[in-house]
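Chains, contacts and geometry: an overview
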Amino acid sequence: MATVIDGKAVAQTIRSEIADEVRRLSEKYGKVPGLAVVIVGNRKDSQSYVAMKRKACCDLGIKSFDIDLTEQVSQVDIIKQVHELNANPDVHGILVQLPLPKHINEEQVLTEISLEKDVDGFHPLNIGKLAMKGREPLFLPCTPKACLELLSRSGISIKGKKAVVVGRSNIVGLPASLLLLKADATVTIVHSHTSDPESIIRQADIVIAAAGQPKMIKGSWIKPGAAVIDVGTNAIDDPSKKSGYRLVGDVDFEEVSKVAGWITPVPGGVGPMTVTMLLKNTLEGAKRTLEQNS
Ligand SMILES: Nc1nc2c(c(=O)[nH]1)N[C@@H](CN(C=O)c1ccc(C(=O)N[C@@H](CCC(=O)O)C(=O)O)cc1)CN2
């Protein structure tokens, strides 16, 4: 039976470390870290993630700057808002909740965020540096960083291991594979055009599942003893719940937990750590700026 990695508990430990550092920073500089949380439109899932981020800031003493823009906002107006936040000295990190509405050019918006405030790590230059040997981005994207932190805090080494990342999104799959490569794993990416994904996944010592397909990865696909990190957050119908749905990962937890060495649950695995890594990036950004200006 696999060891279940409790992401909620790890996140709580790291959050209390962050809260201590925020207090120290405030005593030393008379300033607290500031995070601008920008949301466009009223997608239910995005609103719920943004609410989590704003609450977490409040709990840890980080000041959140709440920017809520209507679904119809223009590209020009979003960019104007980003420029204002870039110029605000009390804002140390800027995140624009994704996805943005279809009429907005997402990449252009992300490119306008000042590199020093790109706490989501999605700026093309930060991603580019992640891909380059010998170069380091200022910030690592939060979900991939969360996956590696969970592996490290569970005592799972990466160097020399075979890692398979399922999915190649800009937010998770691609940067997770680059991070694993930087940590000296041999990395394969499996995606929707890969033939026979099961046989590739079965060779992996480490699996990061980020395909957005509920319970796609079965027990028979997993090498006994492998570490399985589930990034999926899929809502499926469940009439027994008051909400009418429940969340499941990309991994069939029932089956895979009988074969794997380690597994993260959904909910309570990577999700809470994603928000925690955002807070950590914000703290690091604030520290860098306050030290430079002192
Ligand atoms: N600008 C960004 N947009 C998006 C990101 C991101 O990192 N930056 N990632 C995802 C969504 N996301 C954060 O924004 C996110 C997803 C899930 C969770 C989480 O804590 N999930 C819980 C369950 C929550 C629930 O019950 O509804 C869990 O897994 O335990 C946090 C953040 C897309 N957009």
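Residues numbered from 1 in each chain as written. Predicted model: local features only at pLDDT ≥ 70, side-chain atom pairs only at ≥ 80, totals over all residues. Heavy atoms only, no water.

**Brief notes about the overall build of the protein**
Worth spelling out the cut-off: In this description a helix means any DSSP run of H or I spanning at least four residues, a strand means any run of E spanning at least two, and both kinds are numbered starting from the N terminus. Just to be clear, the radius of gyration here is over C-alpha atoms, and the globule rule we use is 2.2 Å times residues to the power 0.38. In this scheme, a residue with accessible area under 20% of its type's maximum is buried, one over 50% is exposed, and one in between is partly exposed, where area comes from a 1.4 Å probe on protein chains only. Note on contacts: a residue pair is in contact if any heavy atoms of the two residues lie within 4.5 Å. We score Asp and Glu as negative and Lys and Arg as positive, and we do not count His or the chain ends. The atoms used to mark charge sites are NZ of Lys, CZ of Arg, CG of Asp and CD of Glu.
Regarding its fold elements, the protein presents ten helices and eleven strands. Taken against the 2.2 N^0.38 rule, which gives 19 Å for 294 residues, the C-alpha radius of gyration of the protein at 19 Å falls within 12% of a compact globule. When its C-alpha atoms are laid out on the principal axes, the protein stretches across 55 × 40 × 35 Å. Counting only residues that meet the buried cut, the protein has 49% of its 294 residues in that class. Long-range pairs, those at least 24 residues apart, make up 68% of the contacts in the protein with a sequence separation of at least 6. Taken as two groups, the 36 positive and 34 negative side-chain charges of the protein have centres that lie 3 Å from each other.

**Brief notes about the nonpolar core**
Put simply, the rule reads: In this text, buried Ala, Val, Leu, Ile, Met, Phe, Trp, Tyr and Cys residues form a nonpolar core when linked through side-chain atoms within 4.5 Å. Note that domain bounds follow an automatic or database assignment of domains.
Residues Ile 18, Leu 35, Leu 180, Ile 206, Ile 208 and Met 273 are the most contacted members of the largest nonpolar core, which totals 50 residues. Considering each element in turn, this core owes the most residues, nine residues, to helix α10 (residues 270-293). Taken domain by domain, this core gets at least three of its residues from each of domain 1 (30-113) and domain 2 (142-271). Dropping the residues within four chain positions of it, Met 273 is found in contact with Gly 7, Val 10, Ala 11, Ile 14, Ala 146, Glu 149 and Leu 150. Val 73, Leu 85, Leu 100 and Val 109 belong to the second-largest nonpolar core, a separate cluster that totals 21 residues.

**Focus on the domain arrangement of the protein**
In terms of domain boundaries, the protein breaks down into domain 1 (30-113) and domain 2 (142-271). The straight-line distance from the C-alpha centre of domain 1 to that of domain 2 is 28 Å.

**Here's the deal with the site of the ligand**
Heads up, the condition is: Whether a residue is near a molecule or strand depends on its heavy atoms: it is near if one of them lies within 4 Å of it. Whenever a nitrogen or oxygen atom comes within 3.5 Å of another N or O atom, the pair is scored as a polar contact, on the condition that within protein one atom can donate a hydrogen and the other can accept it, and that pairs from neighbouring residues in sequence are kept only if both atoms are in side chains. Per-residue and other accessible areas were derived by the Shrake-Rupley procedure at a 1.4 Å probe size, with only the shown protein chains allowed to occlude residues.
Around the ligand, the structure places 15 residues, and the nearest of them are Lys 53, Val 96, Gln 97, Asp 120 and Gly 268. Between an oxygen atom of the ligand and a main-chain N or O atom of Pro 272, the distance comes to 3.5 Å. Taken by itself the ligand offers 690 Å² of open surface, and the protein chains cover 80% of this. Secondary structure elements with two or more residues in the shell around the ligand: α2 (44-60), β4 (93-96) and α10. Looking at the shell around the ligand, you find at least three residues from each of domain 1 (30-113) and domain 2 (142-271).

**A look at unusual backbone geometry**
In this structure, Pro 99 follows Leu 98 across a cis peptide bond, with omega equal to 5 degrees. Assignment of secondary structure puts Pro 99 in the loop between β4 and α4 (106-112). Residue Pro 267 is reached from Val 266 by a cis peptide bond, and omega for that bond is -5 degrees. The residue Pro 267 is located in the loop between β11 (262-263) and α10 in this model. Even without glycine at this site, Asp 184 takes up a positive phi of about 70 degrees. Secondary-structure assignment places Asp 184 in the loop between α7 (173-182) and β6 (186-190). The backbone of Asp 196 shows a phi angle near 55 degrees, a positive value even though the residue is not glycine.

**Describing the pairing of strand β2 (residues 34-40)**
For a regular strand, the rule is simple: side chains alternate between the two faces of the sheet. Convention followed: Any two strands with at least two DSSP-identified bridges between them are counted as paired. Here is how to tell: hold the view so the strands point away, follow the path from the first strand over the helix to the second, and if it runs clockwise the crossover is right-handed.
In terms of residue burial, β2 counts as a mostly covered element, since seven of its seven residues are buried. Of the two faces of β2, the one holding Gly 34, Ala 36, Val 38 and Val 40 and the one holding Leu 35, Val 37 and Ile 39 are both buried throughout. Judged from the seven bridges that link them, β2 and strand β3 (residues 63-69) form a sheet pairing that is parallel. The partner of Ala 36 across the bridge, within β3, is Phe 65. Between β2 and its parallel partner β3, the chain crosses via α2, and the hand of that crossover is right-handed. Here four bridges tie β2 to β4, and the two strands are oriented parallel to one another. Paired with Val 37 across the bridge in β4 is Leu 95.

**Description of the pattern of salt bridges**
Selection rule: Basic side-chain nitrogens of Lys or Arg form a salt bridge, by our definition, when they fall within 4 Å of a carboxyl oxygen of Asp or Glu.
Using the criterion set out here, one finds 13 salt bridges in the structure. Across the pair Asp 68 and Arg 54 runs a salt bridge, and its minimum N-O distance is 3.2 Å. One end of the pair, Asp 68, is in strand β3; the other, Arg 54, is in helix α2, and 14 residues separate them in sequence. Taking relative accessible area as the criterion, Asp 68 reaches 53% and is therefore assigned exposed. For Arg 153, the salt bridge is made with Glu 149, and the minimal N-O distance between the two is 2.8 Å. Of the two residues, Arg 153 and Glu 149 both sit in helix α6 (residues 142-153), four residues apart, roughly one turn of that helix. By sharing partners, the salt bridges in this structure join Glu 17, Glu 149 and Arg 153 into a single network.

**Section: the environment of Asp 90**
The topology assignment puts Asp 90 in the loop between α3 (75-87) and β4. Among the residues examined, Asp 90 registers a relative accessible area of 37% and is labelled partly exposed. Along the backbone, Asp 90 and Leu 35 are 55 residues apart, and their C-alpha atoms lie at a distance of 8.5 Å. When neighbours within four sequence positions are excluded, Asp 90 is seen to be in contact with Lys 31, Gly 34 and Phe 65. Polar side-chain contacts of Asp 90 include one of 3.2 Å to the side chain of Lys 31.

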